[in-house]
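Reading the structure
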Protein chains: 2
Amino acid sequence: MAQRGPLSGITIIDLSRILAGPYCTLLLAELGARVIKVEPPQQGDDARYSHYPAYDMVVQGLGGIMSITGHPGMPLTRVGTSVGDLAGGLYTAVALNAAFLHRERTGEATKVDVALFDCQLALLENAIMRYTTTGEVPGPMGARHPSITPFEAFETRDGNIIIAAGNDGLFVKLAQALGRADLAENPLFETNALRNQHQEALRAELEGVLCAEGTNHWIALLETAGVPCGPVNNIAQALAHPQTAARNMLISVDDPVTGPLELAGNPMKLSGFADPPTRPRAPDLDADRDHILRELGL
Amino acid sequence: MAQRGPLSGITIIDLSRILAGPYCTLLLAELGARVIKVEPPQQGDDARYSHYPAYDMVVQGLGGIMSITGHPGMPLTRVGTSVGDLAGGLYTAVALNAAFLHRERTGEATKVDVALFDCQLALLENAIMRYTTTGEVPGPMGARHPSITPFEAFETRDGNIIIAAGNDGLFVKLAQALGRADLAENPLFETNALRNQHQEALRAELEGVLCAEGTNHWIALLETAGVPCGPVNNIAQALAHPQTAARNMLISVDDPVTGPLELAGNPMKLSGFADPPTRPRAPDLDADRDHILRELGL
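In what follows, the accompanying structure is described. For clarity, every value in this text was computed on a predicted model and none was experimentally measured. (Residues numbered from 1 in each chain as written. Chains lettered and ligands numbered in written order. Predicted model: local features only at pLDDT ≥ 70, side-chain atom pairs only at ≥ 80, totals over all residues. Heavy atoms only, no water.)

**Thoughts on the sheet that holds strand β5 (residues 229–230) of chain A**
Residue and element names in this part refer to chain A. One open sheet holds the 3 strands; their spatial order is β3-β4-β5, and the pairing between them is antiparallel. A strand with exactly one partner marks an edge of an open sheet, and here the two such strands are β3 (151–155) and β5. Relative to strand β4 (residues 160–164), β3 runs antiparallel, the two being bridged by 5 bridges. Looking at the pairing, alanine 153 lines up with isoleucine 162 of β4. Along the sheet, helix α11 (residues 215–225) makes contact with β4 and β5, crossing β4 at roughly 20°. (Pairing = 2+ DSSP bridges. Helix = DSSP H or I, 4+ residues; strand = E, 2+ residues; numbered from the N terminus. Contact = heavy atoms within 4.5 Å. Axes fitted to C-alpha atoms, helices over the stretch in contact; angles between N-to-C directions.)

In structure tokens:
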């Protein structure tokens with residue numbers, strides 16, 4: 001395609017499927033990545049499943065993420081957010097910016113082809129290598145990390161706490177802070193590989209201590225000791241966290257139909273670019289038609 | 001910072017925390033986004049929690065995603081992949097490409113500041129607006145969509161099936177294909193809002209049909225009827241899906257220490273750029289030191 005307007009030469013594939021979620025749409029709008037050619041929904045451009053309908057829920061099942069989310073022996077669990085759609089939008093945003101950069105440098109057009117299924121595979125990270133190196137099919141592991149221990153949610157007297165002791169040094173700090181320095185000397189728990197093997201036993205030891213006090217007590221104690229930890233916030237608590245306001249991560253849109261709406265801010269803070277606490281309302285259907293056609297010289 | 005080499009003028013914040021996972025590292029390596037200034041781990045650049053250690057597990061708890069993943073009344077559930085780390089890497093890759101593009105156009109440097117906690121909030125999508133518009137705190141919903149019905153995992157005779165009937169037309173098609181056209185006429189199930197209200201009743205009706213045959217039978221039937229659906233694949237099944245090979249989504253790295261490794265391919269297919277089925281091994285520590293210092297003119 002010849003270069004005409006500032007957006008010419010970028011083809012976006014599968015837009016109607018991969019850009020669900022208000023955030024991704026906003027994100028692309030902010031990047032100025034309006035679409036100049038939308039092809040019909042398809043699952044990738046060159047393979048036999050290219051017309052398979054790729055709803056988030058279908059792709060979470062097809063791509064394997066549901067098989068590693070949840071608890072062994074318990075009902076199936078979807079990731080609680082539309083991670084299939086969101087990952088598609090994010091990889092597309094990366095690819096679009098790369099295509100814009102390439103065009104800026106060379107004048108060449110790029111066709112961007114992103115499929116939801118592929119994006120789900122790309123998110124599986126260590127589950128793929130755990131399978132391809134051992135032949136063992138990974139299963140769901142509840143609220144723990146597959147290969148680091150202790151790195152999971154524990155019960156306290158009044159709720160839960162996440163403790164992420166990612167290496168031997170942090171494990172020693174954790175044991176000392178909890179008044180159980182002996183755990184770090186215990187041959188069962190000496191290395192991360194051993195702690196993975198004896199995860200249940202270690203968990204019982206730690207919860208034996210943690211059940212004596214509430215979550216806030218332990219967070220204060222472990223923060224002082226330098227052990228990564230945190231609460232399990234619900235949505236209200238996450239939005240009320242002081243960091244949310246400090247980082248402008250809850251913004252508002254004054255929509256004339258629904259009234260004011262609050263939604264997530266932009267997590268990409270770029271010096272030299274404003275990060276306003278409000279956003280313009282979504283345009284009406286076809287509101288930008290004349291502008292877009294003019295830009296394309298039509 | 002003065003512009004010297006091709007990478008000057010981009011500051012990446014918090015690299016050691018946000019780029020976990022082999023894929024994100026590969027991704028940035030492919031983008032040529034080698035780091036020229038790494039600041040100490042911090043959770044955002046300007047807020048009081050900027051030095052809070054942001055492990056994936058801690059951030060999944062802090063940011064609210066664990067509170068909406070899992071089943072009501074059942075133990076806490078982590079998303080089965082390190083979505084905290086992965087989202088941080090993806091938003092950083094978007095932002096980095098944007099910073100490169102801006103520099104290409106204007107010569108101006110950009111500081112890129114991305115924090116894991118912010119990225120988790122950005123992934124919450126409709127959970128935020130469900131809370132801010134109704135005041136009700138969203139909880140975990142098992143394997144179903146929070147606001148579309150039927151859009152969930154069902155049991156079949158030999159396993160599970162995902163059915164995603166995202167609108168009234170697809171629901172009619174589903175009911176007809178299952179030989180239960182009456183369900184689409186039932187006043188309890190007439191609109192999506194009603195189906196959300198009567199989700200358990202509808203689920204019982206549908207599973208009453210689905211339990212008569214196996215997953216493959218229903219997938220073939222519903223695909224023919226044009227109803228989005230799919231299996232719940234485990235990791236082995238997802239990697240063995242014909243689409244995985246057709247899209248080059250399982251690539252290999254010939255590592256001289258570990259032997260050949262297989263990992264996820266690149267989901268961003270860009271015309272004019274190769275998508276090889278193998279990747280070079282990770283460089284040894286410090287292997288590129290001379291090259292990088294030369295590039296920086298040091």
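Next, the rest of the story.
**Quick word on the relation of the copies chain B and chain A**
Rotating chain B by 180° about the axis while translating it 0.0 Å along that axis superimposes it on chain A, leaving an RMSD of 0.0 Å. With respect to symmetry, the two chain copies, as superposed, fit the operation of a two-fold axis. Taken as a fraction of all interface residues of chain B, those also at the interface in chain A reach 100%, which identifies the copy contact as same-surface. (Least-squares fit on C-alpha atoms with pLDDT ≥ 70 in both.)

**Thoughts on the interface of chain B and chain A**
Residue-level contacts link 120 residues of chain B with 120 residues of chain A. Between chain B and chain A, the buried area comes to about 10400 Å², and carbon and sulfur atoms account for 70% of it. Where chain B packs against chain A, one counts 6 salt bridges. With a closest N to O distance of 2.9 Å, arginine 247 of chain B and aspartate 113 of chain A form a salt bridge. Counting the contacts that link chain B with chain A gives 32 residue pairs in polar contact (both at pLDDT 80 or more). Of the residues forming the side of chain B that touches chain A, the biggest block, 15 residues, is contributed by helix α4 (residues 83–106) of chain B. Here the residues of the side of chain B that touches chain A are counted per class, giving 71 nonpolar, 32 polar and 17 charged. Inspection of the sheet shows strand β8 (residues 268–270) of chain A paired to strand β2 (residues 110–114) of chain B by 3 bridges, in the antiparallel sense. From the neighbouring strand, methionine 268 of chain A faces β2 of chain B, where its bridge partner is valine 114 of chain B. (Buried area = accessible area lost by both parts, 1.4 Å probe. Salt bridge = Lys/Arg side-chain N within 4 Å of Asp/Glu carboxyl O. Polar contact = N/O pair within 3.5 Å; in protein donor to acceptor, adjacent residues only side chain to side chain. Nonpolar A, V, L, I, M, F, W, Y, C, P; charged D, E, K, R; others polar.)

**As for the sheet that holds strand β6 (residues 250–255) of chain A**
All names here are of chain A. Taken in spatial order, the 3 strands make up an open sheet running β7-β6-β9, and their pairing is mixed. Lying at the two open borders of the sheet, with one neighbouring strand each, are β7 (259–264) and β9 (278–279). Bridge count for β6 against β7 is 6 bridges, and the pairing is antiparallel. Each bridged residue has a counterpart across the sheet, and for valine 253 the counterpart in β7 is leucine 261.

**Regarding the pattern of salt bridges**
Following the criterion strictly, the structure yields 24 salt bridges over all chains and no others. Notably, a salt bridge pairs arginine 180 of chain A with glutamate 205 of chain A, separated by 3.1 Å at the nearest N-O pair. Of this pair, arginine 180 of chain A sits in the loop between α7 (168–177) and α8 (181–185) while glutamate 205 of chain A sits in helix α10 (residues 199–210); the two residues are 25 residues apart in sequence, bridging distant segments of the chain. One network of salt bridges, in which partners are shared, links Asp113 and Asp118 of chain A together with Arg247 of chain B.

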